[in-house]
Amino acid sequence: MATTVVDHGLLIAGERVETGDWIEVRSPYSGEVVGRVAKGGAAEARRAVDAAAAAMREPLPAHERARILDAVAHLLTERQDEAARTISAEAGKPMKAARVEAQRAVSTFTFAAVEARRLAGQTVPMDASPAGEGKLAFTMRVPIGVVGAISPFNFPLNLVAHKIAPALAAGCAVVLKPASGTPLSALFLAGLEEEAGLPPGWLNVVAGASSEIGDVLVEDERVKLITFTGSGDVGWGLAQRAPRKRVKLELGNATPAIVAVDAPEGTAAKLTANAFSFAGQSCISVQRIFVAEAVWDAFVDEFVTQVDRLVVGDPADEQTDVGPVIDEGERDRILEWIAATKGEILAGGDTTGDGLIRPTVIARPGGDDRVQCEEVFGPVVTLTPVSSLDEAIEQANATRYGLQAAIFSRSVETCLEAARRLEFGGVIVNEAPTFRADQMPYGGVKASGNTKEGPAWSVREMTEERLVVIQV
């Protein structure tokens, strides 16, 4: 029986807006149309900024913002299955991973509600100097203004939540531009915001051409902050074009993990699961593993054995571990990178009968192989033997990226040395570098970005500190 295709309007000023033009959202697995979303452009983006600016003229008190965020968390808990199925349908994410994303989004809203309640300034000890005697001073945290949010396809629910929930906690209205391939989850979440009582204009969702909508967010002076997750070229380009705005970037990585000679039991299993979940389409998906020569043979045997057990197939099947990449263009690019490697392909390297890339393991890649020095964003892992911790750290750092890395060792000294020397925004010890809890500070250095996400950090980025001095 054919699936009913539902049309979705854009959300602007509390109204569902149709434009006469449509984006067909297709399953990356089957190619089937799973929904249609109105296609917006510059005109709709300007209307959305107008609506957001108008909404902020009547500020929401902190307790009301917190109540709404808590209500969204409650509604999302009740409708997690629907959320997961929407994610899986439009992004091709296996259901077991889609369910985790939906659960994490609940946490994101819950922690944002906490931040709305505790957002505060501090007192200033004015009488600590003669000039301040007789004066009382304190700081206030005030909303920065309209937030422009641009989200990627790979976490179409939770990365949207990481942008809009902190913005609302801070008292900022939002214009959200979701990825054109995966806008359904964003609109689903916007519906929950409305159901929770968010007034019109505080959240506006405009899908469409990135160039047109992005231009409006860059050029309109009422948009004070842009939060972007996606391509490094696009992100750094936004920052260059908007030097007077805060432009907060979460970008890519070529994620390394170091397996020391005394790595704990189960290391290979952890790295396997986190290398190929959602076909490697995560900024912190395990990509480069550096293995101590003394344990090389044993680790490689166990890792390849674990990889061969992964189930590749239909993302709607609850047993599937690895589904499709987002589209045929990405699939072809990844296969080209694999074919060009100088290393030995130990597993995968080809496609299944239905065109999915098999989980691919490449041993001893060339140092200039694209699978080694660029972000693959696909189900590909390289394995490289190293003679020492120094060599492992040097090779892990030999990238323009710096988001997260991992070290596996039973030695506290080894782990702390790696944490000190690895040039990444986060170093994860005895856990895959793909690990992220939604309350923790998450963000990269070098080409990987310039900010930290996590509600407590994002909320402060989305506010400004204002000093108040009172003559007593």
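See above for the structure.
These numbers come from a predicted model, not from an experiment.

Each value, and the rule that gives it
Residues numbered from 1 in each chain as written. Predicted model: local features only at pLDDT ≥ 70, side-chain atom pairs only at ≥ 80, totals over all residues. Heavy atoms only, no water. Core = buried A, V, L, I, M, F, W, Y, C linked by side-chain atoms within 4.5 Å. Buried < 20%, exposed > 50% of the residue type's maximum accessible area, 1.4 Å probe, protein only. Helix = DSSP H or I, 4+ residues; strand = E, 2+ residues; numbered from the N terminus. Contact = heavy atoms within 4.5 Å. Pairing = 2+ DSSP bridges. Axes fitted to C-alpha atoms, helices over the stretch in contact; angles between N-to-C directions. Salt bridge = Lys/Arg side-chain N within 4 Å of Asp/Glu carboxyl O. Parallel < 35°, antiparallel > 145°, perpendicular 65-115°, else oblique. Left-handed = near helix turned anticlockwise from the far one by under 90°. Nonpolar A, V, L, I, M, F, W, Y, C, P; charged D, E, K, R; others polar. Phe/Tyr/Trp six-rings, centres within 6.5 Å; stacked < 30°, edge-to-face > 60°. Lys NZ or Arg CZ within 6 Å of the ring centre and 35° of its normal.

J.: What's the story with the nonpolar core in this structure? I'm lost.
T.: Note that soluble globular proteins tend to have their nonpolar side chains buried in a common cluster. In terms of nonpolar packing, the biggest core is built from 86 residues, with Leu69, Leu76, Phe109, Leu157 and Leu189 touching the most fellow members. Here the element with the most residues in this core is helix α4 (residues 95-118); it accounts for nine residues. When residues no more than four places from it in sequence are discounted, the contact partners of leucine 157 are Leu76, Ala83, Ile87, Glu101, Ala102, Ala105, Ser185, Phe188 and Leu189. Counting 37 residues, the second-largest nonpolar core is a separate cluster that includes Val286, Leu310, Val322 and Val325.

J.: Got a minute to help me understand the pairing of strand β16 (residues 360-363) in this structure?
T.: Within a regular strand, the side chains alternate between the two sheet faces. Neither face of β16 is open: one carries Thr360 and Ile362, the other Val361 and Ala363, and all of them are buried. Pairing geometry for strand β15 (residues 344-347) and β16, over three bridges, is antiparallel. Each residue of the ladder has a partner; that of glutamate 344, found in β16, is alanine 363. By the bridge criterion, four bridges tie β16 to strand β17 (residues 380-386) in an arrangement that is parallel. From the neighbouring strand, valine 361 faces β17, where its bridge partner is valine 381.

J.: Sorry, what's going on with the sheet that holds strand β18 (residues 404-408) here?
T.: Picture the strands of a sheet paired through backbone hydrogen bonds; they go either parallel or antiparallel. Strand order in this open sheet of seven strands is β15-β16-β17-β14-β13-β18-β19, and the pairing throughout is mixed. Edge positions in the open sheet fall to β15 and β19 (426-429), since each of these has one partner strand only. With direction set aside, neighbouring strand axes in the sheet form an average angle of 25°.

J.: Please explain the pattern of salt bridges as it appears in this structure.
T.: Pairing is possible between side chains that carry opposite charge, provided their charged atoms lie close to one another. In the structure shown here, the tally under the stated rule is 32 salt bridges. The closest approach of N and O atoms between glutamate 194 and arginine 16, which form a salt bridge, is 2.9 Å. Taken together, the residues span a long stretch of sequence, with glutamate 194 in helix α6 (residues 184-195) and arginine 16 in strand β3 (residues 15-17) at a distance of 178 residues. Assessed through its relative accessible area of 34%, glutamate 194 is described here as partly exposed. The network of salt bridges with shared partners includes Asp81, Arg85, Arg99 and Glu318.

J.: Looking at this structure, how should I read the packing of helix α5 (residues 158-170) against α6?
T.: Describing two packed helices takes the angle between their axes plus the distance from one axis to the other. At a closest axis distance of 11 Å, the pairing of α5 and α6 adopts a crossing angle of 30°. What the angle tells us is that α5 and α6 run roughly parallel. Pair α5 / α6 crosses with right-handed handedness. Residue-level contacts link Val160, Ala161, Ile164 and Leu168 of α5 to Ala186, Leu189 and Glu193 of α6.

J.: Explain the packing of helix α13 (residues 389-397) against helix α14 (residues 412-421) here, please?
T.: Contact pair α13 / α14: the axes reach a minimum separation of 11 Å and the direction vectors enclose 30°. In terms of orientation, α13 lies roughly parallel with respect to α14. In terms of crossing hand, the pair formed by α13 and α14 is right-handed. Seen from α13, the contacting residues are Leu389, Asp390, Ile393 and Asn397; seen from α14, they are Thr414, Glu417, Ala418 and Arg421. Per-class residue counts for the contact of α13 with α14 are three nonpolar, two polar and three charged.

J.: What am I meant to see in the packing of aromatic side chains here?
T.: The geometry of an aromatic ring pair is captured by two quantities: the separation of the ring centres and the angle between the planes. What the rule picks out here adds up to three aromatic pairs. Ring centres 6.0 Å apart and planes at 85° place the aromatic pair phenylalanine 153 and phenylalanine 377 in the edge-to-face group. In this pair, phenylalanine 153 is assigned in the loop between β8 (146-150) and α5 and phenylalanine 377 in the loop between α12 (370-373) and β17, connecting sequence segments 224 residues apart. Residue phenylalanine 377 is classed as buried on the basis of its relative accessible area, which comes to 16%. Seen in terms of ring centroids, phenylalanine 299 and phenylalanine 303 are 5.7 Å apart; in terms of plane orientation they differ by 20°. Their pairing is stacked. Residue phenylalanine 299 and its partner phenylalanine 303 are located together in helix α10 (residues 296-308), separated by four residues, close to a single helical turn. Residues phenylalanine 299 and phenylalanine 303 agree in their burial class; the two are buried. An aromatic cluster of three or more residues is present, and its members are Phe153, Phe278 and Phe377. The side chain of lysine 93 reaches across the aromatic face of phenylalanine 155, ending 3.6 Å from its centre. Here lysine 93 stacks its cationic end above the ring of phenylalanine 278, 4.6 Å away from the centre of that ring.

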